[in-house]
Structures are given as C-alpha cells and as structure tokens.
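Chain residues, written in single-letter form:
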Amino acid sequence: MRNRVTLLFLVAALTAFGSAISGVPARAEKVVDPSTVAPEFREAAEKRRAEQVKLIECNNAAKVAKIQKRELPQFVAECFDKPADKP
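Analysis parameters
- Residues numbered from 1 in each chain as written.
- Predicted model: local features only at pLDDT ≥ 70, side-chain atom pairs only at ≥ 80, totals over all residues.
- Heavy atoms only, no water.
- Disulfide = S-S within 2.5 Å.
- Helix = DSSP H or I, 4+ residues; strand = E, 2+ residues; numbered from the N terminus.
- Buried < 20%, exposed > 50% of the residue type's maximum accessible area, 1.4 Å probe, protein only.
- Expected span 1.5 Å × (residues − 1).
- Contact = heavy atoms within 4.5 Å.
- Patch = residues over 30% accessible without salt bridge, like charges linked within 9 Å, V, L, I, M, F, W, Y side chains within 5 Å.
- Areas by Shrake-Rupley, 256 points an atom, 1.4 Å probe, with all protein chains shown as cover.
- Salt bridge = Lys/Arg side-chain N within 4 Å of Asp/Glu carboxyl O.

- Labelled according to an unreviewed UniProt entry, the protein appears under the name PsiF repeat-containing protein, originating from Candidatus Afipia apatlaquensis.

Next up, the structure:
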C-alpha cells in the first residue's frame, strides 16, 4: 500500500513539474469578451482585450520571424510598444 501511495505521489509530481520543464503552460489566459462583462467594467475589458490581441499578434510575429527564446522578451516588448498602423 505504501509503495502505491509513493508511486502515485511521484507520478503526480513528475506530471506537474514535467509541464513546467517542457515549457508548456499549465493554463492559458482567456481573451476577455467585453460583451460578457458588467456595463460599468466594459471599457476596461475592451482595453484589456486590445492589449491581449496585440500581445498575441506580437508573439505570432516572433514565431514567423523565428526569434530565439532568449531574444523573445525583448522582441515582444518592442513590438508591443510600437504604435499600431492605422489605415
């Protein structure tokens, strides 16, 4: 019985730490939907959604440009700080 508990604990620990080591996020942050937020918080939700969309676009641009992991934060920060091109 003790061996089973130890084995179960070991498997659970390896599963938890395995995802952290492999770089796979445990949970993903959902993109905010302003229509589901209370009216008094809608403006803040729209701003947060715009930030999230811009961050996703910058991460996708980094993937397309094949940016190395060590340079990724700087690339995304520079991309995020650039003003959006409006037609």
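Brief notes about the state of the cysteines
Simply put, disulfide is the name for a covalent bond between the sulfur atoms of two cysteines.
For step 1, the next point in the chain: Applying the stated criterion across every chain yields a total of one disulfide.
For step 2, the next point in the chain: Residue pairing for C58: its cysteine sulfur links by disulfide to C79, the two sulfurs lying 2.3 Å apart. Between C58 and C79, the S-S dihedral sits near -80°, and the bridge is therefore left-handed. Taken together, the residues C58 in helix α2 (residues 42-64) and C79 in helix α3 (residues 72-81) connect sequence positions 21 residues apart. Residue C58 shares its accessibility class with C79, and that shared class is buried.

A few points about α2
For step 1, the next point in the chain: Spanning 23 residues, α2 covers 33 Å between terminal C-alpha atoms, matching the ideal 33 Å at 1.5 Å per step.
For step 2, the next point in the chain: Among the residues of α2, A45, Q52, K54, C58 and A62 are the ones counted as buried.
For step 3, the next point in the chain: Buried residues belonging to α2 abut α3.
For step 4, the next point in the chain: Looking one or two residues beyond α2, the residue adopting positive phi is K66, at roughly 55°.

Topic: unusual backbone geometry
For step 1, the next point in the chain: Positive phi outside glycine occurs at K66, with the angle close to 55°.
For step 2, the next point in the chain: Following the sequence through the fold, K66 ends up in the loop between α2 and α3.
For step 3, the next point in the chain: Residue K66 is classed as exposed on the basis of its relative accessible area of 73%.

A word on a nonpolar patch on the surface
For step 1, the next point in the chain: A contiguous nonpolar surface patch, about 200 Å² in accessible area, is contributed by V31, V53 and I56.
For step 2, the next point in the chain: Residue placement: V53 occurs in helix α2.

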